[in-house]
Amino acid sequence: MTLSNGLPQKEFNDLLGNVREFRDEIVTPNVIDWERTRTFPSDAISSASNLGLLGMEIPPEMGGLGLSFSQKLKVLDTFSEVSMPYAFSLVNSHNVAARLARHGSANQRERYLSDLIRGKKLGSTALTEPSAGSDFSAISAHATPVDGGWNLTGEKAWITNAAASTVIVAYIQTEQGSRAKGIASFLLDGTSEEFERVAPYDLTGSHAIGTGGFRLNNYFAPHSDLLAPPGEGFAAALATINEARTYVATMCCAMVEASLREAVQYAGDRETFGRPIIEHQGLSWQLAKVANQLEAARALTEKAITVIENGDTNSAILPAAHAKKFATELAEPALAACAQAMGANGLREERLIGHRLTAARVANYVDGSTEIMTDRIAKSLSATYSPSS
Ligand SMILES: Cc1cc2nc3c(=O)[nH]c(=O)nc-3n(C[C@H](O)[C@H](O)[C@H](O)COP(=O)(O)OP(=O)(O)OC[C@H]3O[C@@H](n4cnc5c(N)ncnc54)[C@H](O)[C@@H]3O)c2cc1C
């Protein structure tokens, strides 16, 4: 289900111009520093609210910009050219606001929606645990009913924005051993005493994602903080997963396209053996291969976007899996080919290809790993390609 129908083209083009300006002023000059100093740029993420980007897909009557899904992806594309980690953090906070706009109670919206849209609070969505990732139904953080609400205990790990988020949608088991059947979701307050933040992880790159975890130590959640009741949490978590897979695909395309443009320019300027290196077939064919695969990844991503905008969640499962698998598998070798075309200069930090390469690695895990995408496609084989289908 997409939330909004989108802005008129002229208005959206103006917004995109402002996004580029904001990116070039706030993100581009700082990307390398954030990595060097292992900084989670919470202020830079919050300040995207000045353009309304923390509520980009939320309808204007709820305080958002009212972008369509494809318009949201163009914004993420624009940031990902420079920093996919920044774009990923931004969209993850936005997603919490969007979930409240879609499914939150009036009370929950009143307490959190405006602060999330205005960047006063950042959001996270927490499924993963130290011992459960791909197999989400195996989570062990559990909720026990108590007077007036629930007692929550357990640990979440690998959560985007966990370095600073204070509005957290957490998926918790209410009936041990029941897998998907007992999963509920709760809105957590990251400033509560019973919410213990785990220090952000030292990652190879991608510190701007602010990945970390938290422990719930007998955390009391009143009934009003229940978001999806027991039994509905699993489906709620998966309801927007195809959208997430599709925007991860578009982020990979953006990183590859930005690098390809730089590589083509470099290869046109740099000469060896009396001519620009792009005129050496051995080099230009490497970049032609990147261009060819990029076009295919963009086409798969566009297909997923179209299905999602048509509103059929089930029909989006396969296109989103194809798009994410293809784009993430393409990104690392394609980025390496672009770096190779720039010779040793491709290794310079300010070229950002190293930054994009570590981000492309991250893309292989988030919102369903590459193997899980392959598994989705494998499971659809007989329905899609049987002689009678
Ligand atoms: C930077 C970053 C940000 C993240 N942000 C969030 C977030 O905001 N919220 C959140 O909940 N989680 C988040 N995650 C966690 C992410 O969703 C998990 O990493 C992912 O689900 C994989 O789980 P895992 O790492 O535990 O690997 P595992 O599930 O332990 O899998 C290990 C390996 O085995 C493969 N594998 C597993 N099952 C199968 C199978 N059936 N067939 C073949 N291969 C298989 C996997 O693909 C993987 O390669 C984030 C992760 C990263 C790196």
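It should be noted that the structure appears before, not after, this text.
Residues numbered from 1 in each chain as written. Predicted model: local features only at pLDDT ≥ 70, side-chain atom pairs only at ≥ 80, totals over all residues. Heavy atoms only, no water.

### Focus: the nonpolar core
- In terms of nonpolar packing, the biggest core is built from 75 residues, with V75, F79, Y86 and Y247 touching the most fellow members.
- It is helix 8 (residues 241–269) that contributes the most residues to this core, 13 residues altogether.
- A domain split of this core shows at least three residues from each of domain 1 (9–121) and domain 3 (240–385).
- Setting aside residues up to four positions removed in sequence, F79 forms contacts with V19, F22, R23, V27, L53, M84, Y86, A87 and L90.
- Counting residues in each nonpolar core, the second largest holds 21 residues, with A97, L113, I117 and Y171 among its members. (Core = buried A, V, L, I, M, F, W, Y, C linked by side-chain atoms within 4.5 Å. Buried < 20%, exposed > 50% of the residue type's maximum accessible area, 1.4 Å probe, protein only. Helix = DSSP H or I, 4+ residues; strand = E, 2+ residues; numbered from the N terminus. Domains from an automatic or database assignment. Contact = heavy atoms within 4.5 Å.)

### Considering the pattern of salt bridges
- Under the counting rule described, the total for this entry stands at 22 salt bridges.
- Where R215 meets E155, a salt bridge forms, and the shortest distance between an N and an O atom there is 3.3 Å. Of this pair, R215 sits in strand 7 (residues 212–222) while E155 sits in strand 3 (residues 149–159); the two residues are 60 residues apart in sequence, bridging distant segments of the chain.
- Taking relative accessible area as the criterion, E155 reaches 27% and is therefore assigned partly exposed.
- One connected set of salt bridges, linked through shared partners, spans D77, E257, R261 and R298. (Salt bridge = Lys/Arg side-chain N within 4 Å of Asp/Glu carboxyl O.)

### Quick notes on the site of the ligand
- Around the ligand, the surrounding shell holds 17 residues, and the nearest of these are T128, S134, W158, S369 and E371.
- One of the side-chain nitrogen or oxygen atoms of E371 is found 2.6 Å away from an oxygen atom of the ligand.
- About the coverage of the ligand: the protein hides 65% of its 970 Å² of free accessible area.
- Elements with a minimum of two residues in the shell around the ligand: strand 1 (123–126), strand 3 and helix 12 (370–379).
- Tallied by class, residues from the shell around the ligand come to eight nonpolar, eight polar and one charged.
- Here the shell around the ligand gathers at least three residues from each of two domains, domain 2 (125–235) and domain 3 (240–385). (Near = heavy atom within 4 Å. Polar contact = N/O pair within 3.5 Å; in protein donor to acceptor, adjacent residues only side chain to side chain. Areas by Shrake-Rupley, 256 points an atom, 1.4 Å probe, with all protein chains shown as cover. Nonpolar A, V, L, I, M, F, W, Y, C, P; charged D, E, K, R; others polar.)

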